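Examining the three-dimensional arrangement
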Amino acid sequence: RYDRYVTYMHRQLRELMDRYDPAILWFDGDWEDTWTMEHADKTETMIHNRKPAMLINNRLWKRKKGYGDFGTPEKHIPATGLDHDWETCMTMNDTWGYSAHDCDWKSSRTLIRQLIDTASKGGNYLLNIGPKADGTIPRASVERLKDIGKWMDRYSDSIYGTEASPIPRPRWGRITAKPGEDTSTLYL
């Protein structure tokens with residue numbers, strides 16, 4: 001019955017691409033044993049036949065090196081970044097979905113530092129919020145998102161449109177770079 005599921009999934013993907021025209025398809029579930037490289041290759045072919053410029057994360061191929069348009073490390077930031085496009089996937093506490101029992105919230109300061117650290121290494125920061133079953137966002141998440149928003153209101157130039165630091169990481173913090181036509185800007 002798995003091939004029947006894959007056929008259904010392909011119909012769903014075609015609908016998403018046709019109705020909403022996303023730029024990226026982000027897959028998850030690479031732990032599923034029944035998903036094979038053959039399934040991944042057929043899915044990629046179907047997607048790129050329909051939308052040749054579509055970006056696809058590496059989880060379609062179970063995160064195998066060299067596959068996908070970008071990597072997706074989970075709950076950690078690589079020490080020196082990666083040699084390809086990537087985004088770190090992070091939670092605000094310890095769980096991906098909502099859990100009333102998970103009160104181990106990362107501080108706003110920690111989340112902002114993770115954002116900066118990721119940008120300084122050339123990555124994107126994907127932050128999960130884990131809404132409740134009724135769709136509401138936990139108060140702790142809202143507080144942290146507001147804090148991140150306040151920080152971004154002031155310092156977003158140091159994140160948006162930047163690249164990894166061109167120099168080794170200093171002990172005192174992080175550096176991002178924004179290339180320009182004649183000069184580049186470093187954010188310390």
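Here's a quick rundown of the structure. (Residues numbered from 1 in each chain as written. Predicted model: local features only at pLDDT ≥ 70, side-chain atom pairs only at ≥ 80, totals over all residues. Heavy atoms only, no water.)

Some words on the overall build of the chain
When helices and strands are counted, the chain shows four helices and seven strands. Reading the helices (α) and strands (β) of the chain from amino to carboxyl end gives α-β-α-β-β-α-β-α-β-β-β. Once the C-alpha set of the chain is aligned to its principal axes, its extents read approximately 55 × 45 × 30 Å. Classification of the 188 residues of the chain by burial places 37% in the buried group. For the chain, the exposed surface amounts to about 12100 Å²; the carbon and sulfur share of it is 51%. (Helix = DSSP H or I, 4+ residues; strand = E, 2+ residues; numbered from the N terminus. Buried < 20%, exposed > 50% of the residue type's maximum accessible area, 1.4 Å probe, protein only. Areas by Shrake-Rupley, 256 points an atom, 1.4 Å probe, with all protein chains shown as cover.)

Topic: the packing of aromatic side chains
In the structure shown here, the tally under the stated rule is three aromatic pairs. For the pair Tyr2 and Tyr5, a centre-to-centre distance of 5.6 Å together with 40 degrees between the ring planes defines the contact as tilted. Within this pair, Tyr2 and its partner Tyr5 are both found in helix H1 (residues 2–20), separated by three residues, close to a single helical turn. On the basis of relative accessibility, which here comes to 40%, the residue Tyr5 falls in the partly exposed class. (Phe/Tyr/Trp six-rings, centres within 6.5 Å; stacked < 30°, edge-to-face > 60°.)

Description of the pattern of salt bridges
Taken as a whole, this structure holds twelve salt bridges when the rule is applied. Among the ionic pairs, Asp83 bridges to Lys65, the shortest N-O distance being 3.8 Å. With a gap of 18 residues between them, Asp83 in the loop between strand E2 (55–56) and strand E3 (87–91) and Lys65 in the loop between E2 and E3 connect regions that are remote in the sequence. In this structure, Asp83 and Lys65 share a single accessibility class: exposed. Two residues, Arg144 and Glu143, come together in a salt bridge whose shortest N-O distance is 3.9 Å. We classify Arg144 as buried; its relative accessible area is 14%. Using a relative accessible area of 42% as the deciding quantity, one classes Glu143 as partly exposed. (Salt bridge = Lys/Arg side-chain N within 4 Å of Asp/Glu carboxyl O.)

A short note on the side chain of Thr162
Within the secondary structure, Thr162 sits in the loop between helix H4 (139–155) and strand E5 (163–164). Classification of Thr162 by relative accessible area gives buried; the value is 18%. A polar side-chain atom of Thr162 sits 2.7 Å from the main-chain carbonyl oxygen of Ile159. Not counting residues within four places of it along the chain, the set of residues in contact with Thr162 comprises Ala119, Asp157, Thr176, Ala177, Lys178 and Tyr187. (Polar contact = N/O pair within 3.5 Å; in protein donor to acceptor, adjacent residues only side chain to side chain. Contact = heavy atoms within 4.5 Å.)

A closer look at the sheet that holds strand E7 (residues 185–187)
Spatially, E5-E6-E7 is the arrangement adopted by the three strands of the open sheet, whose pairing is antiparallel. Strand pairing shows two members of the sheet lacking a second neighbour, E5 and E7, which therefore form its edges. Pairing of strand E6 (residues 176–178) with E7 involves three bridges; the strand directions are antiparallel. Bridge pairing in E7 places Thr176 opposite Tyr187. (Pairing = 2+ DSSP bridges.)

Notes on the packing of helix H3 (residues 108–120) against H4
To describe two helices that pack against each other, one gives the angle between their axes and the distance between the axes. Relative orientation of the contacting elements H3 and H4 amounts to 50 degrees, with a least axis distance of 9 Å. Accordingly, the angle class assigned to the pair H3 and H4 is oblique. Considering only the axes of H3 and H4, their crossing is right-handed. Residues Ser108, Leu111, Ile112, Leu115 and Ile116 of H3 form the contact with H4, whose own contacting residues are Glu143, Arg144, Asp147, Ile148, Trp151 and Met152. Grouping the amino acids of the contact of H3 with H4 by side-chain chemistry returns seven nonpolar, one polar and three charged. (Axes fitted to C-alpha atoms, helices over the stretch in contact; angles between N-to-C directions. Parallel < 35°, antiparallel > 145°, perpendicular 65-115°, else oblique. Left-handed = near helix turned anticlockwise from the far one by under 90°. Nonpolar A, V, L, I, M, F, W, Y, C, P; charged D, E, K, R; others polar.)

Here's the deal with the pairing of E3
When you tally the buried positions in E3, you get five out of five residues, the bulk of the element. In this structure, E3 lies alongside strand E4 (residues 124–128), joined through five bridges in parallel fashion. Opposite Met90, over in E4, you have Leu127 as the bridge partner. As a crossover connection, the stretch from E3 through H3 into E4 is right-handed. (Right-handed = clockwise from strand over helix to strand, strands pointing away.)

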